[in-house]
Structure formats: structure tokens, C-alpha cells
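# Geometric and topological summary
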Amino acid sequence: VRLTVDGQARGEKPVRVPAGQAVSVKFPLSGLAEGLHQGEVRLATSDAMPIDDVRYFAIDVRSPPRVLIVTDDANESLYFRKALEPARSFAKGESPIVEINSADWIRTDVSSFGIVALLNVAQLDPPGWSKLADFVSQGGGVFIAVGSRSSADSYNTPPAQETMPVKLELVHDQPPTRLAVGDKPHPLVARFNAWGQSDLADGAVMKYWKTSPTNVATLTIMNYADGQSALIERSTTTTRSGRVLLLTTPTHYQGKEIWNELPLSWSFVVLAEEIVHYLSGSSDIRLDFEAGQSVEIPRRAADPFTLYALADPAGIVERIAVDARDLQVVIPQVRTAGPYTISASAPPRQWASGFCVNISPSESQLD
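Below is a summary of the structure that appears in this document. Quick caveat: nothing in here was measured; it's all calculated off a predicted structure.

Definitions and limits used
- Residues numbered from 1 in each chain as written.
- Predicted model: local features only at pLDDT ≥ 70, side-chain atom pairs only at ≥ 80, totals over all residues.
- Heavy atoms only, no water.
- Core = buried A, V, L, I, M, F, W, Y, C linked by side-chain atoms within 4.5 Å.
- Buried < 20%, exposed > 50% of the residue type's maximum accessible area, 1.4 Å probe, protein only.
- Helix = DSSP H or I, 4+ residues; strand = E, 2+ residues; numbered from the N terminus.
- Pairing = 2+ DSSP bridges.
- Axes fitted to C-alpha atoms, helices over the stretch in contact; angles between N-to-C directions.
- 1 Å grid on protein atoms, 1.4 Å probe; cavity = no way out; pocket = protein on both sides within 12 Å on 5 of 7 lines; lining within 4 Å.
- Points joined across faces, edges and corners; volume = space filled by probe spheres on them.
- Nonpolar A, V, L, I, M, F, W, Y, C, P; charged D, E, K, R; others polar.
- Contact = heavy atoms within 4.5 Å.
- Expected span 1.5 Å × (residues − 1).

### Overview of the nonpolar core
Phe 80, Phe 143, Leu 188, Met 222, Leu 231 and Leu 245 are the most contacted members of the largest nonpolar core, which has 34 residues in total. Every element with two or more residues in this core is listed here: strand E5 (67-71), helix H1 (78-84), strand E7 (115-119), strand E8 (141-145), strand E13 (218-224), strand E14 (229-234), strand E15 (244-247) and helix H6 (266-280). Of the residues forming this core, the biggest block, eight residues, is contributed by H6. Counting 28 residues, the second largest nonpolar core, distinct from the first, contains Leu 124, Ile 144, Val 146 and Ala 160.

Structure, rendered in C-alpha cells:
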């Protein structure tokens, strides 16, 4: 079995396959530069049915999304930040995590950030909430964790409700409860569901904000054991808008008044990482399709492109025109197996990506 990436051989392994059985082969793959990479895994020895001797794949290597943490007290961001950045190992000391005080929010340029996290922020003024709403409308992701500082009077104002999924009602502090994990089919908790375990439920939640719905569509991703909502998503009407998540208890453990023990669990590290992955949209990226399926490539709110160039495995280029209001580029029923590239240009901006297509495994099941 031979592995090829970007036209270069990256590995070869001999495999003995007993009759009627399957064998798993693993190739370590590292050192890929940022950007799109395409490759294949191919049987070096063919047989009488060559169409299933190769499987194509695509990999999109990306830098970690830049996260802007907004807080009133730096001590209250420690656990969340360390979950995303356990060691200062980034080149030249550069980190994708930047932290500011809430007083500096309105003056901060957020154009280079993919995610904004408000951690136990007491309040924002109307221009501050409007700036956050504009960030979401341009495709940014927002994570809000409320706690002892959070003021319902600020979070329930009309400018705040342009971003918030629900209204804050009152603080629940009797009796203590726990977080329920894995009871809902959502991409954010897919890893917990696949593992079948988590220790988030081992930590007590002493206090949380009770909420009330508004006329905005929402989805509860996690509940507390008492049935109240813990992690809530604001459902957007357009895939080009960003995502908003609200955690009704804070992400810190310091202080005189402890609201929960969640940051003390190993699962908190996974939860923080999955929140960032989900808000950045990286968990939605699909690069592998089966022949006969339609390929849908999301378009971001800031994309200026209306003409795309699609190159098939034979190098034949097809032009695809889209309306500026379209939410995605649709390539109907791609039938030829192999690697594809797609690009667009609107000077001075350029964009390129790709995907791969394989035959359905059922096509070689002849029994």
C-alpha cells in the first residue's frame, strides 16, 4: 500500500489480507505546510477490478483561529485560556489568543479575529453590543459565559439581544446541580458522545443564570441535571452569519464566590477546544465526497467572489458563476473520482481550496 501526498511518495507498507477479512493500515503524516494538500492511498499490486485500488483524500491545514478574550478580571480567564493555550510554544512568541479588558473592547480592532469570548463581563454599553452584533454578521463566532459580574440589565437590552440567544432572569443557587453531557446529537459534543465518557458531570454547579426565551430561534446543546439550559446556541437564519454560544455559568474557579467546579475537570479542556472549533466553523469543513453527490462549498459573508474556477482530475477547468447573495457554491452530482481544486479572484483578494471524490464502496461489493 503506497501513500502519496501532493505528488510525492510519503510511505509504503506491505500488507497481508486474509481471505474474507479486513486489515487496517496507518501512515503517520506530519510536517505539512498550511494550506490545501491532496493525496491518495493506492494498492501497488492491482487486480481484475482496478477501480477500487485507490482512495483519494484532501487535507486543509490551518493555523489555530485567533481568539479575543474580553474580561473584567484577567484571573477569570485563566482556565479558559490555558485550555486553548497550555504552553507558550508558538513561533516567535506569537499566540492566537489575545486578552483585553472590557473597557478596551470598543477601541479594539477585531478584523483579524475569528472568535470573541466574553467571560463574566459585567456589561457593555450599546455601541459595544452593536460592535459585537456586527462581528457576528460578518461571520465571527461569539462565546459568552455569564457569572457573578454579569448584569441582566445590560444583557437584556435591545442592542445586547441582537447577539444574545436568550434573556437572563435570575441566579439559581439552591440546590447544587451538575452538567449533563452527551445527551444531545450536536457537533460540539460529538467527541464526548464518541468516547462515551466525560468527567464534566463530576463537578458540582452551585450557581447558574436561569434564562427565558425570546422570539429568537435557539438550540440547547447541554442541560444541567435539573433540566435547565446550560449551553445555548443562537440559531442564525443565514449560514454566512457567525455563531453565538452562551454558557449560563462562568469558566473560572478563582474568587471568593465559586459558581462551579467545571474548570477542574480534564473534560473542560476538550469542551473549550470544541467550542472554539465549532465557532470557527472548522468542524463543518467537508473535503471528501462520493461520486454522484453534489458538492456544497460555504461562502463567507465577506467573500467578494462571484466567479469560481473548478479544475477536475483531468485538469479540465469549468467556470461557475454565483450570485453575491448565495450562501454556497454548488457543484451538482460530481461523478469523476479524483482530486479537484476550486479558486476565485477579485483583486487584490484571492481564494483557493479543493476537495476529493471517491467511488462508493458499494460499487465494489459484488456479492
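On we go.
### A short note on the sheet that holds strand E3 (residues 35-42)
Pairing is antiparallel across the open sheet formed by four strands, whose spatial order is E2-E1-E3-E4. Unpaired on one side and paired on the other, strand E2 (8-12) and strand E4 (54-61) mark the two borders of the sheet. Within the sheet, the average angular offset between the axes of one strand and its neighbour, ignoring direction, is 25°. Strand direction decides the pairing type here: strand E1 (residues 2-5) and E2, joined by four bridges, are antiparallel. Following the sheet pairing, Thr 4 is matched in E2 by Ala 9.

### A word on the layout of surface pockets
In this structure, the second largest pocket occupies an estimated 560 Å³ of space. Residue assignment for the lining of the second largest pocket shows that the elements contributing at least two residues are E3 and E4. Looking at the lining of the second largest pocket residue by residue, the classes come out as twelve nonpolar, three polar and four charged.

### Observations regarding the sheet that holds E15
Ordered by their spatial adjacency, nine strands build an open sheet running E6-E5-E7-E8-E15-E14-E13-E10-E11, and the pairing between neighbours is mixed. Looking at the sheet topology across the chains shown, the edges are occupied by strand E6 (97-101) and strand E11 (204-205). Sheet topology note: the strand E10 (residues 177-180)/E13 ladder contains two bridges and is antiparallel. Its bridge partner being in E13, Ala 180 is matched across the sheet by Asn 223. Along the sheet face, helix H2 (residues 126-137) touches E7, E8 and E15 and points at about 145° away from the line of E7.

### Thoughts on H6
The end-to-end C-alpha distance of H6 is 22 Å, a good match for the 21 Å that 15 residues give at a rise of 1.5 Å each. Listed as buried for H6 are Ser 267, Phe 268, Val 270, Leu 271, Ala 272, Glu 274, Ile 275, Val 276, Tyr 278 and Leu 279. At the exit of H6 stands Gly 281, carrying a positive phi of roughly 85°.

Geometry only, nothing functional implied.
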